[in-house]
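Below are the chains, spelled out letter by letter.
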Amino acid sequence: TGVQTCALPISLMVFALPALAQKPRVGKPASQDKIAAINLTVFPDGRGLPDGKGTVAAGKDLFKEKCAVCHNDHAEGRENQYPPLVGGIGSLNTSKPIKTVGSYWPYATTVFDYIRRAMPYDQPGTLTSDQVYSAVAFILNANGIIGENDEMNKNTLPKVKMPNRDGFVPDARPDIKSKR
């Protein structure tokens, strides 16, 4: 019986080896155009931001159409489902910090980058630059960070001073070359 106990695992490995040697046949290689279209990086200082513009008013309409299903009409989130995007300013040093775009995120440009890459949740990357700027304007205004009539674009967005901008510590490791 000892021989039979060893024979089963060995025979399974012999039959499995050819399957492991095959290349996966999932998808197809991305073209250089496709890679370039998604290889977009926005830095805290605004480098990489595209042309376009957005307003709070346009963002409010867009938010109701594309974002409210998860984050509610006023970006307050859905408890135990989707996070709030507003509120919590000044709460990070309390026993119950509320991490939102307004209370936690250090750069408005990061909000733009995240929305452009990952939202809407069910169709990431489908918003135009104008729509992303408008969504960011709406969220920043809802947090009291920008005014109702402020326009967001590649020149104005990097100048937005987020409440927690100075709440992060620079990486002091000698092999990390970064500027704040």
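About the cut-offs
- Residues numbered from 1 in each chain as written.
- Predicted model: local features only at pLDDT ≥ 70, side-chain atom pairs only at ≥ 80, totals over all residues.
- Heavy atoms only, no water.
- Helix = DSSP H or I, 4+ residues; strand = E, 2+ residues; numbered from the N terminus.
- Buried < 20%, exposed > 50% of the residue type's maximum accessible area, 1.4 Å probe, protein only.
- Polar contact = N/O pair within 3.5 Å; in protein donor to acceptor, adjacent residues only side chain to side chain.
- Phe/Tyr/Trp six-rings, centres within 6.5 Å; stacked < 30°, edge-to-face > 60°.
- Lys NZ or Arg CZ within 6 Å of the ring centre and 35° of its normal.
- Disulfide = S-S within 2.5 Å.
- Core = buried A, V, L, I, M, F, W, Y, C linked by side-chain atoms within 4.5 Å.
- Contact = heavy atoms within 4.5 Å.
- Expected span 1.5 Å × (residues − 1).
- Bend = angle between axes of the 7 residues up to and from the residue.
- Salt bridge = Lys/Arg side-chain N within 4 Å of Asp/Glu carboxyl O.

Time to look at the side chain of Asn153. When you line up the elements, Asn153 lands in strand β2 (residues 151–153). With a relative accessible area of 13%, Asn153 lands in the buried category. At 2.7 Å, the side chain of Asn153 forms a polar contact with the backbone nitrogen of Asn155.

Okay, the packing of aromatic side chains next. Two measures describe an aromatic ring pair: the distance that separates the ring centres and the angle between the ring planes. The final tally for this structure, using the stated rule, is 5 aromatic pairs. Ring geometry for Tyr104 and Phe168: centres 5.3 Å apart, planes at 65 degrees, overall edge-to-face. In this pair, Tyr104 is assigned in the loop between α3 (56–71) and α4 (108–118) and Phe168 in the segment after β2, connecting sequence segments 64 residues apart. Between Trp105 and Tyr114, the ring centres sit 5.8 Å apart and the planes meet at 75 degrees, which makes this aromatic pair edge-to-face. A cation sits over an aromatic face here: Arg47 above Phe43, 4.2 Å from the ring centre.

Before going further, it helps to spend a moment on the state of the cysteines. Two cysteines whose sulfur atoms are joined by a covalent bond form what is called a disulfide. For the coordinates displayed, the defined rule picks out 0 disulfides. The thiol sulfur of Cys67 is not disulfide-bonded, and the nearest other cysteine sulfur, from Cys70, lies at 8.4 Å. For Cys67, a relative accessible area of 17% puts it in the buried group.

This paragraph deals with unusual backbone geometry. Residue Met119 is joined to Pro120 through a cis peptide bond whose omega torsion reads -10 degrees. Among the secondary structure elements, Pro120 is positioned in the loop between α4 and α5 (129–142). Of note in this structure, Asn72 is not a glycine but carries a positive phi near 70 degrees. Within the secondary structure, Asn72 sits in the loop between α3 and α4. The buried category is assigned to Asn72, whose relative accessible area is 17%. The phi dihedral of Ala75 is positive, around 65 degrees, even though this residue is not glycine. The topology assignment puts Ala75 in the loop between α3 and α4. A relative accessible area of 0% means that Ala75 is categorised as buried.

Turning our attention to the nonpolar core. Considering soluble globular proteins, one finds that nonpolar side chains tend to be buried as a cluster. Counting 29 residues, the largest nonpolar core has Phe112, Ile115, Val136, Leu140, Met152 and Leu157 as its most contacted members. Mapped onto this core, the elements with two or more residues apiece are α3, α4 and α5. When residues of this core are assigned to their parent elements, the largest contribution, 8 residues, is made by α5. Those residues in contact with Phe112, other than ones at most four positions away along the chain, are Val42, Leu49, Pro50, Ser129, Val132, Tyr133, Val136 and Leu157.

The subject of this paragraph is α3. With 16 residues, α3 extends only 17 Å from end C-alpha to end C-alpha; this falls clearly short of the ideal 22 Å at 1.5 Å per step. Along its length, α3 reaches its greatest deviation from straightness, about 55 degrees, at Glu65. If you check which residues of α3 are buried, you get Val56, Gly59, Leu62, Phe63, Cys67, Ala68, Cys70 and His71. Buried residues along α3 sit in contact with β1 (53–55) and α5. Positive backbone phi, at 70 degrees, marks Asn72, one or two positions downstream of α3.

Our focus in this paragraph is the pattern of salt bridges. Throughout the structure, instances matching the rule amount to 5 salt bridges. Across the salt bridge formed by Lys66 and Glu65, the nearest N and O atoms sit 4.0 Å from each other. Take Glu65: its relative accessible area is 61%, and that puts it in the exposed class.

If you trace the backbone, Met162 turns up in the segment after β2. In this structure the C-alpha to C-alpha distance between Met162 and Tyr104, which are 58 residues apart in sequence, comes to 8.5 Å. Sequence-distant contacts of Met162, defined by excluding residues within four places in its chain, comprise Val101, Trp105, Pro106, Tyr107, Ala108, Val111, Leu140 and Ile145.

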